[in-house]
Amino acid sequence: MSEININVEHLTRVEGHGNIVLNAKNGNVEKVQWQVSEAPRFFESFVRGRPYNELSHITSRICGICSIGHSLASLKATEAAMGIEISEQTQLLRRLAAHAENLQSHVLHVGYLVAPDLLGAPSVIPLASSHTDAVLKIVGLHRLANEYSNLTCGRTVHPVSLVVGGFSHIPSEKQLKEMRQKWVDAIPDVVAVAEIVLANAHKLPNFVRETEFVALTADDEYAIYDGDIGSTDTGRVPVDQYLDITNEFVVPHSTAKYTKHNRESYMVGALARFNLNYDRLGPLAKEWAGKFGLEPVNHNPFMNNVAQLVEIVHSIEDTLALIDKLLEKGVDVNERPKYEVKAGRGIGAVDVPRGILFHDYTYNDQGVCTKANCIIPTNQNHNNINLDFQAFAPTILDKPEAEIELLLEMLVRAYDPCISCSTHYLNVEWKR
Amino acid sequence: MTTGIIGIGNPLMGDDGAGLAVLSRLQADPLPDVKLIELGTGGINLVHELAGLDRAIIIDAADFGGDPGEIRKFKPDEVRSLKTQGYSLHDWDLFTTLDISKKMGELPDEIIIFAIQVVETGHKEGLSPHVVGAVPEVARMIRKLILL
């Protein structure tokens, strides 16, 4: 009688705390589960009673990786609630901010967290010795993405210059030109990293489970900052119908809420965006998708890593195009927001690195928030991860236990989950 | 010589905010020719902050089994980290990051770490009394080091 019992508590190389449990006997899976053990965050309660111009700054703190995306979704919700129109310049600059975050986050995930799995290392540390050149390029790209966030948002995390109705500080034409050139110069490094991932892509399991994909979608662009809600199953609906898509519910083994729409679960994130918006990718991004054999609609969750890589290329291509457009129009660094505070309810959706994000606020006539709802991408993926586990585990039971454990870990990491924060003090002993 | 003083920690996690408290104290009475860097919970971003520095003074909360609020000044090679090497962006390890910086050839020539023994690191604002007491002392030690 053969027994397999895997308990991975606090899976590493993901954000926050989640556990993997697999119990199998005689080739049959008895239990396989992705458990989320994060504590509730109460952000929706924090913002009640707070003035409208504080909300993006408070809710950006939901996440240290997606803080730009939370700020943008928050500002869009507030602007929708009060009927505030934003300028074309603001639209373009916010798209740059969204790309800056996409680059920051995807470079971190693919470079620091996924590359070790593909290159057979336990973490990025040994890679710094065995693949020094690649690690140098990854750190360089991450540094440039940070600089880009700093330019567009006033800080690398938790934006300060993104405000209701526009910007409190606008980058100059000179700064934008310099940033554009830096990304042009960075393309060979991105290609070099992509080549390494491509050479190891055969290590990504060929696992397919059909599911529904949900992401923002638009006619004229690869939707990240704006669009309708798209589903590979049911088509497009406006953002204000988001509750019909998310349908949150609770399960006993998770402190995080689950979601479902047309099937038992759906997936959000880079692969969902790719599947829904492939036609609007930049030419180089499409070329790289082709090299990996990635085509829409792809149902292998491990390919989310590749979709992120494709999006890195796309975000650079679109950055160049957007900066060109800004420079062509001429940048007005003195433009400041103009609006009136009004009562109302508004919904903002942004497709942040880990998937579609919703903020929904209600304000009274003083501009004080009376109700808020935020639905985060990772929570929309938990249910899909669990169902992937149930389909994937039986197919790998013949492998050694350590390999099964690694494959299940890789599956969770492919979703790039961002669960919650914890404390980070040093824990050391003195060398004797 | 470019010196950076880097405060690490999360002020919403009790004594984990000790490093930032020292940094605030130094900010109140600026030192000549030093860069004060509030890393907070920036984790891997430390690699970027270290680039270009000749000397880095790092202040962080620590658990080394000392007395509450005890201060230790040491160099990275004097300790062994007890953190697991799994590596997530939310559970990073200072020594791992220093190692990456070294492999990149960007590690400052001199690294000095000031560690303050924590008492409580739960979800709360403010430091425990022993750690509060250590803050001006660490600031004084750093001031002395810089002005030497």
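Before any of the text, the structure's been laid out above.
Here the structure is a predicted model, which is why all the values come from computation and not from measurement.

> Talk me through the sheet that holds strand β1 (residues 3–8) of chain A; I want residue IDs and the actual numbers.
All names here are of chain A. Read from one edge to the other, the open sheet built from 3 strands follows the order β1-β2-β3, with strand pairing classed as antiparallel. Strands with a single pairing partner mark the edges of an open sheet, and in this sheet they are β1 and β3 (28–36). Taking each pair of neighbouring strands and ignoring which way they run, the sheet shows an average axis angle of 5 degrees. In the packing of helix α12 (residues 377–392) onto the sheet, contacts are made with β2 (18–25) and β3, and the angle to β3 comes to roughly 160 degrees. Along the sheet face, helix α13 (residues 401–414) touches β1, β2 and β3 and points at about 40 degrees away from the line of β1.

> Residues and numbers for unusual backbone geometry, please.
Residues and elements named next belong to chain A. A cis amide bond links proline 296 to the next residue, valine 297, at an omega of -5 degrees. Following the sequence through the fold, valine 297 ends up in the loop between α10 (283–291) and α11 (304–329). Unlike most non-glycine residues, asparagine 26 shows phi in positive territory, near 50 degrees. Looking at where asparagine 26 falls in the secondary structure, it is placed in the loop between β2 and β3. Positive phi is not limited to glycine here, since asparagine 247 has a value of about 40 degrees. Along the chain, asparagine 247 turns up in the loop between α8 (242–246) and β9 (266–267).

> Describe in detail the nonpolar core, supporting the description with residues and values.
If you look at soluble globular proteins, the nonpolar side chains tend to sit buried side by side. Counting 127 residues, the largest nonpolar core has Leu22(A), Trp183(A), Leu294(A) and Phe389(A) as the members making the most contacts within it. Take this core: its biggest share by element is 15 residues, from helix α4 (residues 88–118) of chain A. If you look at the next biggest cluster of nonpolar residues, it comprises 22 residues, including Leu23(B), Leu31(B), Ile59(B) and Phe114(B).

> Residues and numbers for the packing of aromatic side chains, please.
All names here are of chain A. For the structure on display, the rule yields 10 aromatic pairs over all chains. Ring centres of phenylalanine 274 and tyrosine 278 lie 5.3 Å apart, and the angle between their planes is 65 degrees; on these two criteria the pair is classed as edge-to-face. Its relative accessible area of 0% is what places phenylalanine 274 among the buried residues. These aromatic residues form a ring-pair network of at least three members: Phe207, Phe302 and Phe392. In this structure, lysine 260 packs its charged tip against the face of phenylalanine 249, placed 5.3 Å from the ring centre. Taking the ring centre of tryptophan 288 as reference, the NZ or CZ of lysine 291 above it sits at 4.2 Å.

> Which residues make up helix α7 (residues 173–200) of chain A, and what are the values?
All names here are of chain A. An ideal rise of 1.5 Å per residue puts 40 Å on 28 residues; α7 measures up with 40 Å between its terminal C-alpha atoms. The largest bend in α7 comes to about 35 degrees, at alanine 186, with the proline proline 188 one to four residues further on. Within α7, burial applies to Leu176, Met179, Trp183, Ala186, Val190, Val193, Ala194, Val197 and Asn200. In this structure, the buried side of α7 is in contact with α4, α6 (132–153), α10 and α11.

> Any details on helix α1 (residues 18–28) of chain B? Residues and values, ideally.
Every buried residue of α1(B) is listed here: Ala18(B), Gly19(B), Leu20(B), Val22(B), Leu23(B) and Leu26(B). Residues of α1(B) that are buried sit in contact with β1 (3–8), β2 (34–40), β3 (55–63), β6 (110–117) and α4 (129–147) of chain B.

> Run through the environment of Ala134(A), naming residues and quoting values.
Residue and element names in this part refer to chain A. Looking at where alanine 134 falls in the secondary structure, it is placed in helix α6. C-alpha of alanine 134 to C-alpha of asparagine 379: the two residues are 245 residues apart in sequence and 32 Å apart in space. Sequence-distant contacts of alanine 134, that is, excluding residues within four places in its chain, are made with Val193 and Ile196.

> Help me get a handle on the environment of Lys182(A), residues and values and all.
All names here are of chain A. In this structure, lysine 182 sits in helix α7. A relative accessible area of 35% places lysine 182 in the partly exposed class. For the pair lysine 182 and leucine 144, spaced 38 residues apart in sequence, the C-alpha separation works out to 7.8 Å. Discounting residues that sit within four places of it in the chain, lysine 182 has contacts with Leu144 and Glu147.

> Quick rundown of the pattern of salt bridges? Include the residues and the values.
All names here are of chain A. Tallying each qualifying case throughout the model produces 28 salt bridges over all chains. With a shortest N-O distance of 2.8 Å, arginine 50 and glutamate 54 are connected by a salt bridge. With a relative accessible area of 28%, glutamate 54 lands in the partly exposed category. Across the pair glutamate 221 and arginine 95 runs a salt bridge whose closest N-O atoms are separated by 2.7 Å. One end of the pair, glutamate 221, is in the loop between β6 (212–217) and β7 (228–231); the other, arginine 95, is in helix α4, and 126 residues separate them in sequence. An identical accessibility class is assigned to glutamate 221 and arginine 95; each is buried. Shared partners join several salt bridges into a network, and the residues in it are Asp117, Glu409 and Arg413.

Scoring rules and cut-offs
- Residues numbered from 1 in each chain as written.
- Chains lettered and ligands numbered in written order.
- Predicted model: local features only at pLDDT ≥ 70, side-chain atom pairs only at ≥ 80, totals over all residues.
- Heavy atoms only, no water.
- Pairing = 2+ DSSP bridges.
- Helix = DSSP H or I, 4+ residues; strand = E, 2+ residues; numbered from the N terminus.
- Axes fitted to C-alpha atoms, helices over the stretch in contact; angles between N-to-C directions.
- Contact = heavy atoms within 4.5 Å.
- Core = buried A, V, L, I, M, F, W, Y, C linked by side-chain atoms within 4.5 Å.
- Buried < 20%, exposed > 50% of the residue type's maximum accessible area, 1.4 Å probe, protein only.
- Phe/Tyr/Trp six-rings, centres within 6.5 Å; stacked < 30°, edge-to-face > 60°.
- Lys NZ or Arg CZ within 6 Å of the ring centre and 35° of its normal.
- Expected span 1.5 Å × (residues − 1).
- Bend = angle between axes of the 7 residues up to and from the residue.
- Salt bridge = Lys/Arg side-chain N within 4 Å of Asp/Glu carboxyl O.

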